[in-house]
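Each chain, letter by letter, is given below.
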Amino acid sequence: MDFKAQGKRSLGASKKRCRDVIKKKLSVVTVTAEDALDRTKWRRLNLPMVCSSWPKAVSKKDANHLIAVIRSAERVDRVFGADWPKTEAPHGHFAPTDLNIPSNDLSKKFLEAGFFEDNPPITSFGKYTVQLTARALANRGLRPKLLVCSPSLRSIQTAEALAKFLKAKIAIEPGLVEPLAWYRCTNKNAPDFHLDQVVKLYPVDTD
């Protein structure tokens, strides 16, 4: 191969050693390497340092005039395939084979009742990432009072995970349903979102 690397690398050791950079950063936050050996003390020192260093996205006044758009969390069918209900309930009884599949009583009830057909839930990892997103929003000064979501189960579950941390209300707007495959199929109706039962199980504001 006739290949020549572009540029030249300076000879000798780097002018900045990784150890020196770490020492400098530790001195700025008044933390020593010995503090890291005590895990309890390290958490107490590290948590305020990290949270306080996050910049505020907007001022408190401007935060009341913002609209944040968030996509639903990771879907079970996108990870385990469209036939995941058959593998997780082969004999009509819910028996999850993976930790990433929500295994609470509500998921078991929904799966055995056939609620998940064309209306999949979010994964366990998806719920965890939404909780991290909610914490990041709060640390940046964004605490919405109202979360508007589509009637799909994954959107409601995503909104619930956000609302639980942000202390916000959830409202359902049917117009937010994304144009999924059933809109392009003449022989397939839109899925039944079972909203009459979902609103009883999730903190949805129906007023």
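Cut-off values and rules
- Residues numbered from 1 in each chain as written.
- Predicted model: local features only at pLDDT ≥ 70, side-chain atom pairs only at ≥ 80, totals over all residues.
- Heavy atoms only, no water.
- pLDDT = per-residue confidence, 0-100.
- Contact = heavy atoms within 4.5 Å.
- Helix = DSSP H or I, 4+ residues; strand = E, 2+ residues; numbered from the N terminus.
- Buried < 20%, exposed > 50% of the residue type's maximum accessible area, 1.4 Å probe, protein only.
- Axes fitted to C-alpha atoms, helices over the stretch in contact; angles between N-to-C directions.
- Parallel < 35°, antiparallel > 145°, perpendicular 65-115°, else oblique.
- Left-handed = near helix turned anticlockwise from the far one by under 90°.
- Phe/Tyr/Trp six-rings, centres within 6.5 Å; stacked < 30°, edge-to-face > 60°.
- Salt bridge = Lys/Arg side-chain N within 4 Å of Asp/Glu carboxyl O.

Focus: the confidence of the model for the protein
- In this model, the protein carries an average pLDDT of 76, and 69% of its residues clear a pLDDT of 70 or more.
- Within the model, the stretch residues 47–54 combines pLDDT values under 50 with seven contacts to residues more than four positions away or in other chains.

Details of unusual backbone geometry
- Phi is positive for Lys167, which is not a glycine, with a value near 55 degrees.
- Tracing the backbone shows Lys167 in the loop between α7 (153–166) and β2 (169–172).
- Residue Lys167 is classed as exposed on the basis of its relative accessible area of 69%.
- Positive phi is not limited to glycine here, since His194 has a value of about 55 degrees.
- Turning to its location among the elements, His194 is positioned in the loop between β2 and α8 (195–201).
- By relative accessible area, which is 17% here, His194 ends up buried.

Some words on the packing of helix α6 (residues 124–139) against α7
- Look at α6 against α7: their axes get within 9 Å of each other, and the N-to-C directions meet at 40 degrees. Considering their axes alone, α6 and α7 lie oblique with respect to each other. Crossing geometry of α6 relative to α7 is assigned as right-handed. Across from Lys127, Val130, Gln131, Ala134, Arg135, Leu137 and Ala138 in α6, the residues of α7 making contact are Thr158, Ala161, Leu162, Phe165 and Leu166.

A few points about the packing of aromatic side chains
- Going through the model one piece at a time under the given rule, you end up with two aromatic pairs.
- The interplanar angle of 40 degrees and the centroid separation of 5.4 Å between the aromatic rings of Trp84 and Phe116 together place this pair among those described as tilted. Placement of the pair is Trp84 in helix α4 (residues 84–88) and Phe116 in the loop between α5 (105–112) and α6, with a sequence separation of 32 residues. No difference in accessibility class separates Trp84 from Phe116, as the two residues are buried.
- Ring geometry for Phe110 against Phe116: centres 5.9 Å apart, planes inclined by 75 degrees, an arrangement best described as edge-to-face.
- The structure contains a cluster of three or more aromatic residues connected by ring pairs, namely Trp84, Phe110 and Phe116.

As for the pattern of salt bridges
- In total, this model carries one salt bridge according to the counting rule given.
- Arg75 is the partner of Asp77 in a salt bridge, and the nearest nitrogen-oxygen pair spans 2.7 Å.
- We classify Asp77 as buried; its relative accessible area is 18%.

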